[in-house]
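In case you want the letters, here they are:
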Amino acid sequence: MNKKIGCVIAYTPGHNNYGTSLQGYAMLKKIQQLGYDCEVIQYKKCLSIFQKLNFIINAIRAGETKELYSRFTRNDILKKYPNYAAGIKLRTTAVNKYKEKKLIPLFHEYVGYKALHQGSKNYAAVVVGSDQVWTPMSLPNKFFNLLFVDDSIPKIAYASSFGVSEIPNFQKKATGAYLDRFKAIGVREQRGKEIVDTLSHKQAIVVADPTLLLTKEEWEDEIADSTVNEKEPYIFCYFLGTNQKAREAVKKLKKETGYKIITIRHMDEYVPEDEFFGDKAPYDVDPNDFVKYISKAEYVCTDSFHCSVFSTIFHRKFMTFYRFASSSKTGRNSRIDSLFNVLGINKEHIFNDGDIVSKINSRIDWDLVDNNLSTLRANSIQFLNDALK
């Protein structure tokens, strides 16, 4: 019996986002723990000019012009700020070493769409997840939505996220069509479930992000070889967005506590103001170092979903800031709301305004959170196990 599972994870060469690497690794590890062989399906595109143009038009219609702009101007920014470029090179090298050890040994590359489709027949099932793999921007690639997978092969979504609160009208029919091809659909957010249930004939269930499938003890084992070793209390700050109000709140926390700020700068984009933010800003940080910094911090301040997840796993005093305006249809705030709702985390720990010191110190019922997490983890593993059978 073929027990090899093809896995489609969020992976881009040179991409150094920590949460992306950690959730991909956690999903592979859990599938292996369930007794299956894993192979990561790596797609090397051979796109025509027409296909590339179609991708750009789709992205513009989907409201992702900012993301397009950042892709096209990234090299210009690196040339303009050589110190920033040197730092990013250090970070990318550290993340690449992690991937070479944890992810790349499982990769199988398929060159071109025809080879990708044929290769899908090599697996007992193909699983896509997790993270923002179903963004409207990605629809034409026919990859994360598993449109390349042969009809005869079971297709499973695990903790997949649309990344937005609304699917553009022009994509709703196509979205429903690819969702209908899945055997089982697990999504990461409640809003994702509503989208699946509305646009397709399938019923989705909300499951845990893969990073939550591993226990605190398992993550402690994972980060045991990290060389991060801070001697003094610190505030760990990890912002992907540009919200200056969040930075000012952290400065107030520092003033009140006297703790230094350790920050990881310029993750998704270059933020000029961040050159003067924080007392220590290391670049030579791999995904396990990132988790170690969170696990040992006195306070954590972030606008990142996965940083919030690990703050929860390690029972840190933390504050999450919204990255996007609440009115934004392409915003990503729903995943934060869903995490807090499902686990029962006090909403005081999502910052809108007021005194950050009292809010970040407000009590979290960790017994309740841990019980909710244990139930969510058990149900999620059961869903994955059942879907793979």
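Everything that follows concerns the structure shown earlier in this document.
Now for a look at the structure at hand. No experiment lies behind these values; they were computed from the predicted model shown.

With that settled, the discussion passes to the overall build of the protein. Broken down by element type, the protein carries 14 helices and 12 strands. Computed over C-alpha atoms, the radius of gyration of the protein comes to 20 Å, within 12% of the 21 Å expected from 2.2 N^0.38 for 389 residues, which places it in the range of a compact globule. By principal-axis analysis of the C-alpha atoms, the protein measures approximately 60 × 50 × 40 Å. Looking at the 389 residues of the protein, the share that counts as buried comes to 53%.

This brings us to the layout of surface pockets. Quantified by volume, the second largest pocket comes out at close to 350 Å³. Together, 17 residues line the second largest pocket, and Gln-51, Asn-54, Pro-140, Asn-141 and Lys-142 are the ones closest to its centre. Per-element accounting of the lining of the second largest pocket gives the leading share, six residues, to helix H2 (residues 49-61). By residue class, the composition of the lining of the second largest pocket is 10 nonpolar, four polar and three charged.

Here we come to helix H11 (residues 305-313). In terms of burial, H11 is largely enclosed, as nine of its nine residues are buried. Where H11 is concerned, the buried positions are Phe-305, His-306, Cys-307, Ser-308, Val-309, Phe-310, Ser-311, Thr-312 and Ile-313. The N-capping residue of H11, defined by a side-chain oxygen 3.3 Å from the backbone nitrogen of His-306, is Ser-304. At the C-terminal side of H11, His-315 shows a positive phi close to 55°.

In terms of burial, strand S11 (residues 317-321) is a largely internal element, four of the five residues being buried. The sheet contact formed by strand S10 (residues 299-302) and S11 spans four bridges and is parallel. Each residue of the ladder has a partner; that of Thr-302, found in S11, is Thr-320. Summarising the sheet, S11 and strand S12 (residues 350-351) pair through two bridges and their orientation is parallel. Following the sheet pairing, Thr-320 is matched in S12 by Ile-350.

Procedures and definitions
Residues numbered from 1 in each chain as written. Predicted model: local features only at pLDDT ≥ 70, side-chain atom pairs only at ≥ 80, totals over all residues. Heavy atoms only, no water. Helix = DSSP H or I, 4+ residues; strand = E, 2+ residues; numbered from the N terminus. Rg over C-alpha atoms; globule rule 2.2 N^0.38 Å. Buried < 20%, exposed > 50% of the residue type's maximum accessible area, 1.4 Å probe, protein only. 1 Å grid on protein atoms, 1.4 Å probe; cavity = no way out; pocket = protein on both sides within 12 Å on 5 of 7 lines; lining within 4 Å. Points joined across faces, edges and corners; volume = space filled by probe spheres on them. Nonpolar A, V, L, I, M, F, W, Y, C, P; charged D, E, K, R; others polar. Polar contact = N/O pair within 3.5 Å; in protein donor to acceptor, adjacent residues only side chain to side chain. Pairing = 2+ DSSP bridges.

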